Amino acid sequence: MTLATSLSTPAAASDLGRAAEPVSLAERYRTVRTATEQLCTPLHTEDYVVSSMPDVSPTKWHLAHTSWFFETFALAPFAEHYRPLNPKYAFLFNSYYVQAGERHCRAQRGLVTRPTVAEVYEYRAHVDAQLQPLLAQVDDDPQHPAREVLELGLHHEQQHQELLLTDIKHVFWSNPMRPAYRADRRVSSVPAPQGWTRVDGGVRDIGYEGSAFHFDNEGPRHRVFVQPSALAHRLTTNGEYLEFIADGGYRRPELWLSRGWATVREHDWRAPLYWESVNGAWHEFTLAGTGPLDPHAPVTHVSYFEADAYARWAGKRLPTEAEWEVVARTQPLAGRFVDAGVLHPHSDGASGLQQLFGDVWQWTQSAYLAYPGYRASAGALGEYNGKWMSDQWVLRGASCATPASHARVTYRNFFPSDARWQFTGIRLAHDVPEGEA
Ligand SMILES: [Fe+2]
C-alpha cells in the first residue's frame, strides 16, 4: 500500500524545534564536557587505548583531541600567558589541521600508550580550568572575538561524542569477546507500510540562514531546482534489506556501481557491517552486544555503495539533499538522538512521515560540494569542512548517537562511498513524472 501526502510550502525557520539551551557559554561548556566523560562511564582503562582500524580513534584520543582543539584555537590566541600542560601533546592530538603544525600518524593512534588515561583526564582538567576566565569574559562581552571559536569547540566536541560511540562499537566488535557497552536491548515494533511524501518540482531555497551556530558548509542559503519526486515516509528496515540479500543483492553486479562491486568483491561483503550468521540465522552486533537481527529496526551500518545498490534493486533511488531538506523543513527537529539512550536505530510502529532526524544518518545521492558562494574561513579553522569536499557524499538527519542539541535541518554530514562504521541508513526516493506531481 502506498500512502502519499503533498508538499509544496517549505517551512521558513532554520532552527525548527531546537531545544532550549542553557544561557551562559560557561554552563554550556560544562554540560558538553561532562557529557563526553559520561559516555566513558561503562569503559575500563584498557578500552580507552585501542584503535581497531584507521578510521577508528581510541577513546583516549577523542578525550585529548577535543581538549587540544580548545587549547589551540581558544587558549593559545585568547588567554593571557597560557602555557600548554605538555608541548608534545600538540603533535599527538592534532587531527588534520596542517596549518596548526606537524601531527602524529592517524592510523597509529592506537599505539600511543602514554600519556596514560589518567594523564589525559588531567589534560582535560587543565584545559577546563584555564578556560574558565576566558569563558567568563565571553559571557560578559557578546562581541568577544573568542566567542565564535568557543562555540565551534562545543559543536566539535559533540561531533566527537558521536565518534566516540561509533568507534568503541567497532573496537568491541573487533574483540572476540564481543563485549557490550550497555546491557539492555530494545526490540522494534512492526513498522507501518511504506508511504511517500510528494515533493513538488520548482525552485526552492536550501541551506542555513540565520545568526545561530551552524557549520560553514551549511550555507549560504541558495536556490536549487527540484524535480517532482517523492520521499519515503520512513527508513528502510532490516527485514526489507534481507529481501535484497535473499534476492542475490550482493552477488549481482548489475545492481552496483563499478567501484561498489569491486569493493564487495575485495572485502567479500555479504551483509551490512556488524551482521553475522549464527547457525544459519542473522545476528547483529550492537552496543548492547550480539543478538538476533531485529527485522523491524532500520537497517544501519551500510555504505553508500550498499544504499545505492539496494535502492536500484528496489526500483527507487536515494534522495538528493535538496529533496530531503525541502521535506525535513516541514517536520519538527525531533527523533531518537543519543539523549534517548537507545543507542541503536529503532522503529516504534508509527505511521506517516517520520525518522527524518535521529536513528540513522541518511545517505543522499548529492556529492559533498560547496554551496554557491561558500567561502572557507581563513587560517587553520578553514580546514574544518572545506578541504574535504571531494569524493564524499552528503548524509542528512542525525543518528541515535548524535546529541539532540547538535542536530539541524541544514546539517551536512559527509563520508566516502565505502564507509560503514557510522550509524548510516537508507531513506528511498523516486521520481514523479511531470503532470503527476
Ligand atoms: Fe576533531
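The shown structure was predicted, so the numbers you read here are calculated from the model rather than taken from an experiment. (Residues numbered from 1 in each chain as written. Predicted model: local features only at pLDDT ≥ 70, side-chain atom pairs only at ≥ 80, totals over all residues. Heavy atoms only, no water.)

### Here's the deal with the pattern of salt bridges
Summed over the entire model, instances satisfying the criterion amount to 26 salt bridges. The partner of Arg234 in a salt bridge is Glu240, with the nearest N and O atoms 2.8 Å apart. In this pair, the class of Arg234 matches that of Glu240, namely buried. Between Arg329 and Glu325 there is a salt bridge, and its shortest N-O distance comes to 2.9 Å. Accessibility classification places Arg329 together with Glu325 in one group, the buried group. Connected through shared salt-bridge partners, Arg33, Glu37, Arg124, Asp128 and Glu157 make up one network. (Salt bridge = Lys/Arg side-chain N within 4 Å of Asp/Glu carboxyl O. Buried < 20%, exposed > 50% of the residue type's maximum accessible area, 1.4 Å probe, protein only.)

### Here we look at unusual backbone geometry
The step from Arg114 to Pro115 runs through a cis peptide bond, and the omega angle for that step is 5°. On the secondary structure map, Pro115 appears in the loop between helix 3 (89-93) and helix 4 (117-140). Looking along the chain, the bond that leaves Gly219 and enters Pro220 is cis, with omega of -5°. Mapped onto the elements, Pro220 comes out in the loop between strand 3 (202-206) and strand 4 (222-226). (Helix = DSSP H or I, 4+ residues; strand = E, 2+ residues; numbered from the N terminus.)

### Digging into helix 4
Between the first and last C-alpha of helix 4 there are 35 Å, a value that for 24 residues agrees with the 34 Å anticipated at 1.5 Å per step. If you look at helix 4, its biggest bend is around 40°, right at Gln132, and the proline Pro133 turns up within four residues after that. What helix 4 keeps buried is the set Val117, Val120, Tyr123, Arg124, His126, Val127, Asp128, Leu131, Leu134, Leu135 and Val138. Next to the buried residues of helix 4 lie helix 1 (25-39), helix 2 (59-78), helix 3 and helix 5 (147-173). (Expected span 1.5 Å × (residues − 1). Bend = angle between axes of the 7 residues up to and from the residue. Contact = heavy atoms within 4.5 Å.)

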